[in-house]
Amino acid sequence: MKRFVALKVNGEEYDIDIEPNRLLLHALREDVGLTGTKEGCSIGVCGACSVIVDGKLVSSCLTLALACQGKEITTIEGLAKDGRLHPLQQAFLEYGGFQCGVCTPGQIMAAKALLDANPNPTEEEVKEWMSGNLCRCTGYYKILEAVMAAAHNKISSDFQVKHERKTAKIQSLNVYKDS
Amino acid sequence: MAKTETFSVVGQRVNRVEGYDKVTGGAKYVADIVLPGMLVGRILRSPYPHAKIVKIDTRKAEKLRGVKAVVTAEDTIKQGWGAFFPDQYPLSVGKVRYVGEEVAAVAAIDQDIAEEALGMIDIEWEELPAVFDPEQAMKEGAPLIHEGKERNIAMTLDVERGNIERAFAESELIVEDTFESTPQWHCAIETIGSVAECSPSGKYTIYMNTQTLFMARYRIAAALGVRETDVRIIQSAVGGGFGGKSCDDNNAIVCALLARKSCKPVNIINTREEEFLAGSRPRVNMNIWAKMGFKKDGRIRAKQLRIIADNGAYSGKAPAIAGVAALRHDTCYKYSDVKTQAYLVYTNKIPTGAFRGFGNPSAEWAVEQIMDKAAHNLGIDPLDLARMNAADPGYVSPHGNRVTSCELRQCIDLVEKMMDWKGKRAQKKPNRGLGLACTVHVSGKRHFGDYDGGSATIKVNEDGKALILSGEGEVGQGAATAMCQIAAEELGLPLEDVEISRADTDMTTFCLGAFGSRVTYVGGNAVKDAASKVKQQLLDTAAEMLEARQEDLAAANGKIFVRGSETRSVTVAQLARARLFRRGGAPIVASGSFDADSVLQDATRYGNESGAYNFGCQAAEVEVDPETGQVKVLKYVAASDCGTVINPIGAEGQAEGSVAQGLGYALIEGLKMEDGRPVNPNFSDYRIPSMRDMPPLEHAFADSYEPTGPFGAKGLGELGMDPTAAVISNAIFDAAGIRIKTLPITPEKVLKALKAVSNQEPTRKVKLKADG
Ligand code: FES
Ligand code: FES
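Calculation rules
- Residues numbered from 1 in each chain as written.
- Chains lettered and ligands numbered in written order.
- Predicted model: local features only at pLDDT ≥ 70, side-chain atom pairs only at ≥ 80, totals over all residues.
- Heavy atoms only, no water.
- Axes fitted to C-alpha atoms, helices over the stretch in contact; angles between N-to-C directions.
- Helix = DSSP H or I, 4+ residues; strand = E, 2+ residues; numbered from the N terminus.
- Parallel < 35°, antiparallel > 145°, perpendicular 65-115°, else oblique.
- Left-handed = near helix turned anticlockwise from the far one by under 90°.
- Contact = heavy atoms within 4.5 Å.
- Nonpolar A, V, L, I, M, F, W, Y, C, P; charged D, E, K, R; others polar.
- Core = buried A, V, L, I, M, F, W, Y, C linked by side-chain atoms within 4.5 Å.
- Buried < 20%, exposed > 50% of the residue type's maximum accessible area, 1.4 Å probe, protein only.
- Pairing = 2+ DSSP bridges.

S.K.: Outline the packing of helix α6 (residues 213-224) of chain B against helix α7 (residues 251-262) of chain B, listing residues and values.
M.R.: All names here are of chain B. At a closest axis distance of 10 Å, the pairing of α6 and α7 adopts a crossing angle of 50°. Between α6 and α7, the crossing angle belongs to the class labelled oblique. As α6 runs across α7, the sense of the crossing is right-handed. Between α6 and α7, the contacting residues are I220, A223 and L224 on the first element and A252, I253, A256, L257 and R260 on the second. Among the residues forming the contact of α6 with α7, the class breakdown is seven nonpolar, no polar and one charged.

S.K.: How would you summarise the nonpolar core if you had to cite specific residues and measurements?
M.R.: In terms of nonpolar packing, the biggest core is built from 171 residues, with F92 of chain A together with F294, I307, V622, I728 and I745 of chain B touching the most fellow members. Aside from chain neighbours lying at most four places away, what touches V622 of chain B is N431, R432, G433, V631, K632, V633, L634, I728, A731, I732 and A735 of chain B. One finds V9, A482, A543 and A576 of chain B within the second-largest nonpolar core, a separate group that totals 51 residues.

S.K.: Quick one: what's the story with the sheet that holds strand β19 (residues 498-500) of chain B, residue by residue and with numbers?
M.R.: All names here are of chain B. With mixed pairing, the four strands of this open sheet are ordered in space as β19-β18-β17-β23. If you trace the sheet from one side to the other, it starts and ends with β19 and β23 (588-595), each paired once. In this sheet, adjacent strand axes meet at a mean angle of 20° when their direction is disregarded. Sheet topology note: the strand β17 (residues 453-460)/strand β18 (residues 466-470) ladder contains five bridges and is antiparallel. Bridge pairing in β18 places A456 opposite S470. The strands that helix α14 (residues 479-491) touches are β17, β18 and β19; relative to β19, the one it contacts most, it runs at about 145°.

S.K.: Provide a residue-level description of the sheet that holds strand β25 (residues 631-641) of chain B, including the pertinent values.
M.R.: All names here are of chain B. The four strands lie next to each other as β16-β24-β25-β28, forming an open sheet whose pairing is mixed. Looking at the sheet topology across the chains shown, the edges are occupied by β16 (432-442) and β28 (697-701). Strand-to-strand twist of the sheet, defined as the mean angle between neighbouring strand axes without regard to direction, takes the value 15°. Pairing geometry for strand β24 (residues 613-624) and β25, over 10 bridges, is antiparallel. When the bridges of β25 are listed, G616 appears paired with S640. Packing of helix α17 (residues 648-667) onto the sheet brings it into contact with β24, β25 and β28, and relative to β25 it is tilted by some 140°.

And the structure:
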């Protein structure tokens, strides 16, 4: 039997109508409509579905949506604010911490959970923590570099400017000159 | 040799053009695409490795509420399809040949109903004897998998160049051994999937995460029995390919069949289990007997291979892969007399196929270990042996591969330096050892339709931004960024002013797609050609507007200016508008094309297969734990010759990612099979390397310039994983005196080999004494 569930995702309330056994992963992707969270293995091994619930990193493929009522859920879509990327997003972009990008939302959420709890991790701590997030493209070197760069604020200053949403004035095609 | 050309965009560490979407979760992968009214498709798969289908009854399933279509072979033209041999069907016709084969499919309003309906399809089976081992399958009397394929042999190859008998007779050292490789799954974090719709007029539109759009269109159209243009393929964001998404599987075809029958959009996204069972076609596993003859000074005199390659139940690209395993390595070193025989054999298992490296990693797993054995037997440093035999520019392989640029020796030098090879060898520590291996790869290969080319169109929009229309596609490897850089360089535009379209078979001209390390080289050359034609149009218009001679004009920073008096300039946007908004106006647009200077191999497999060859050398230092058999990679170094590096971030990423896959292949990846069925097809039983598994890695690019490449570039994507497994095995031999000949190199195998050596030790000593 379906039932109404209220989920708070990235600060916004969503009322969704779901089966009680609906996984958070599918509720987010299909009912809430946020597809940034990915499904890679469906058994809690790859980390592609990582989201943060009440400050804790969870695999949304192993979590019931119902159990997340009344909790703060953060997904990849909640990191950029007012058109400005989160430092981790900037670092992944600048240091090439992704290729195909399908593991990237999970990697960034995992790194965020780590840095929130431990803003100054050692390389070993990052490796240990991030080993729950599989990536088949990068060999992890640039992911590690990106996480360390974000932790130590090594993001170039002109970077944000380069990636800000642009505004432009379109040139008129009006052939009748103003009198 | 490097060319001293200065570039403004090429060679820069630029961010991915699609990067913003990828770090924000905004990129749309195929599983993220939802069309109005879309149904969920699920596939009923064979539980048997070999069985006759006596009867299928779908009536119950069709009646289930929410089911909109059920399809079986009766809904198809029952026409075989495949990359080289048309031996597979979209849905089984009469019999199944492996566990996981597609038998029927359902489209329903949700996944639960679709799955319930699958359970309601009644099939009467008649099990047939099956065969899983290629050597068994080749024997007389083995169960026949395909009618007319005697002894289950899909393809044989038998090539001799020079005089192999004489060459072995003239050799002063002969080394031979047999090696076995395993199937390796791509394990892209995103599985194969499609979203298909079929319009009332009969046109199919399929959103796919394929790496080869036009080849997919061709094969899907053939399987559906329609014209190529009745199928439109649009590429979604692709979550990793590595060869596994080159459309040798049935996912999209079945999806299209369901869409046609239900008259609704349908998606089929493989589960991880389906991906292992019948999705991406794993690396062709091979049994390779290799024999090589050397002169005392180390020069290679003769080489002979006998390969038995496991095709699985259907052929896909395995025929070409077996060919590459048999022949390609003869371009790495200077060979004169070679003989190679390969048998590609059907078995009742998942069809094998293209995985990064194609046939190279399997062949190099064998040949590069023979090289290592020879070096030890001859008392020559393996590094010196490789250097002495390395190919040079101008080398023509016994099979006709013509090498243009080649910096293999430089790669060997770089590896020597990065590893401190001589220093470490001089101070050998117990249980530690060094190993290395070399490799060659192509930059595109001529084997489809005698075409080794690509094409692209570029238009300049009214705001001065250039848009590249290319059908090569982006699979995550960074092709889109490299193409934008190439166009920006040629047009004198800043990178921000160049965009690239999504690949779409209706909107772009024919491209072969991402395989064979071809996109930067072939696709890049096509983009450069289109850009130079566009530039000509810009110069024509600029000459008019600036009242200057064309020879005096140059392009930079989004402007065309008069050389010497830079203030006399006009922006690309002004030019685009001036050319368009006038009587007789026209847009700035041009198509470019490139076909590599390669030839189709003749019946004896002779002919220059690619326009350019890329080379590499890698080395590892390992430590073998004699108690546990654990192999720890202490340091890994790799050097690649890919010509000019277009985007260092992307190129390094290719090298790093392929070493990771190579290390997985060498040390951990494999799936337990029982009666042709993977026992636990999931990510906890099939382990791929994680961050903590990665050793310290140092990588370098050779200073190199490929004269036929776009701004000197050639291929790179596959090079980095070709030699890795042999590198590790060679290092283990140096560390512990044991040689592991089957993949993956597990601690159990190492322990067993260590035990065998320690048991053998006394006899060996006795024998030596007796000899002396
Ligand atoms: S999909 Fe949840 S961990 Fe892999
Ligand atoms: S970037 Fe492709 S899986 Fe990580």
